[in-house]
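# Architecture at a glance
Here is what each chain is made of, one letter per residue.
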Amino acid sequence: MDTRAIGMGLAFALMWSSAFTSARFIVVDASPLLALSVRYLISGLLGIAIARAMGQSWHLTSDQWRATILFGVCQNALYLGLFFVAMQTIEASLAAIIASTMPLLVAVASWAFLGERLKPLGILGLVLGMIGVVLIMGARFQGGVDLYGLALCCVGVLALTFATMAVRRATSGGSFLMIVGLQMLVGCVALAIAALLFETPRLNPTPTLAIAFAYTTLVPGLIATLVWFFLVNRIGATRAATFHFLNPFFGVAIASLFLAEALGPRDVIGVSIIAAGILAVQVSRQSGKLKSRSWSDP
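Procedures and definitions
- Residues numbered from 1 in each chain as written.
- Predicted model: local features only at pLDDT ≥ 70, side-chain atom pairs only at ≥ 80, totals over all residues.
- Heavy atoms only, no water.
- Patch = residues over 30% accessible without salt bridge, like charges linked within 9 Å, V, L, I, M, F, W, Y side chains within 5 Å.
- Areas by Shrake-Rupley, 256 points an atom, 1.4 Å probe, with all protein chains shown as cover.
- Salt bridge = Lys/Arg side-chain N within 4 Å of Asp/Glu carboxyl O.
- Helix = DSSP H or I, 4+ residues; strand = E, 2+ residues; numbered from the N terminus.
- Expected span 1.5 Å × (residues − 1).
- Bend = angle between axes of the 7 residues up to and from the residue.
- Buried < 20%, exposed > 50% of the residue type's maximum accessible area, 1.4 Å probe, protein only.
- Polar contact = N/O pair within 3.5 Å; in protein donor to acceptor, adjacent residues only side chain to side chain.
- Contact = heavy atoms within 4.5 Å.
- Disulfide = S-S within 2.5 Å.
- Core = buried A, V, L, I, M, F, W, Y, C linked by side-chain atoms within 4.5 Å.

### A short note on a nonpolar patch on the surface
Judged by side-chain polarity, Leu34, Val38, Leu41, Ile42, Leu45, Leu46, Leu218 and Ile223 come together as a nonpolar surface patch covering roughly 600 Å² of accessible area. Secondary-structure elements contributing two or more residues to the nonpolar patch are α2 (32-53) and α9 (207-235). For the nonpolar patch, the element with the most residues is α2, which contributes six residues. Looking at the element boundaries, Ile42 is found in helix α2.

This is the structure in structure tokens:
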């Protein structure tokens, strides 16, 4: 892995992790589902425009269209929609930690439903991840946490895990950025319907809201996707996924810096253990795939 790839991986992890803090700013002044729907509309249209400029086509295969719709609903609508609603009552750092467990859940699901063998290092990683989550949750329960918001985040990360498992090879035919842009538009439509059915529109126009919305739309929503696209093309999806182990660190650090969220010793220890677990699982899965074939994952 060269220096440029490391830089892209660090940039992606930082941008992805920052989305929880910017989302927390947004839901203070705007209804979450409507705000997220508008964000996806803008990000999706920009993504499709860039994809067309890169020569990508929206004439997808039937499998890609099915995956696009499924991922758009499960990730963009369910996962982020539930997290946006939850972050009205829970801290951004906790939301980031819960979302960061996705690689661990994918490893468990791959073992349970796809027959993927877990090596000792991978098993150790899962155990470490669970220990870290228990430590953090124990500290948060003692300090008082909104159980409804916590439940929404748990359902959301399960939806993201399902989407990741279901469409893990959806972009193997190319047009990655076009697919992502279309997924965002699918999420936009699904969230707009949910907002009309379940949400009372709320908007308090402030400079903070404008900055947070613009940042969320352009940086985690679009630029991070482009960086991921180039990173995967450079080193393969399996190696690129190793950078997910940084997400708990960055998510908690950014929330503490910009939102002044409390960061106790158990949080630091728990985040470190979760990060170590994610890294162990990703390295274990990476070594297994590299042994089974000599080319990078699609």
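Let's pick the thread back up.
### Considerations on unusual backbone geometry
The backbone of Ala260 sits at a positive phi, close to 55°, despite the residue not being glycine. Within the fold, Ala260 resides in the loop between α11 (247-259) and α12 (265-292).

### Quick look at α9
Helix length check: α9, at 29 residues, gives a terminal C-alpha distance of 39 Å against a target of 42 Å (1.5 Å per residue), a fit within 8%. The largest bend along α9 measures about 30° and falls at Thr216, with the proline Pro220 one to four residues further on. Backbone geometry just after α9 places Gly236 at a positive phi near 90°.

### Considering the side chain of Ser18
Checked against the element boundaries, Ser18 lands in helix α1 (residues 3-29). Residue classification places Ser18 among the buried positions, given a relative accessible area of 6%. A distance of 2.7 Å separates a polar atom in the side chain of Ser18 from the backbone oxygen of Met15. Excluding its chain neighbours within four sequence positions, the residues that come into contact with Ser18 are Tyr215, Pro220 and Ile254.

### Examining the state of the cysteines
All chains considered together, the criterion is met by zero disulfides. Lacking any disulfide linkage, Cys74 is separated from the closest cysteine sulfur, that of Cys153, by 17 Å. Cys154 takes part in no disulfide bond, and the closest cysteine sulfur to it belongs to Cys153, at a distance of 7.0 Å.

### Some remarks on the nonpolar core
Ranked by size, the top nonpolar core spans 54 residues in total, and within it Phe20, Phe83, Met87 and Ile98 carry the most contacts. When neighbours within four sequence positions are excluded, Phe83 is seen to be in contact with Phe20, Ala95, Ile98, Ala99, Cys153, Gly156 and Val157. Within the second largest apolar cluster, 15 residues are counted, among which are Ala224, Trp228, Ala240 and Phe243.

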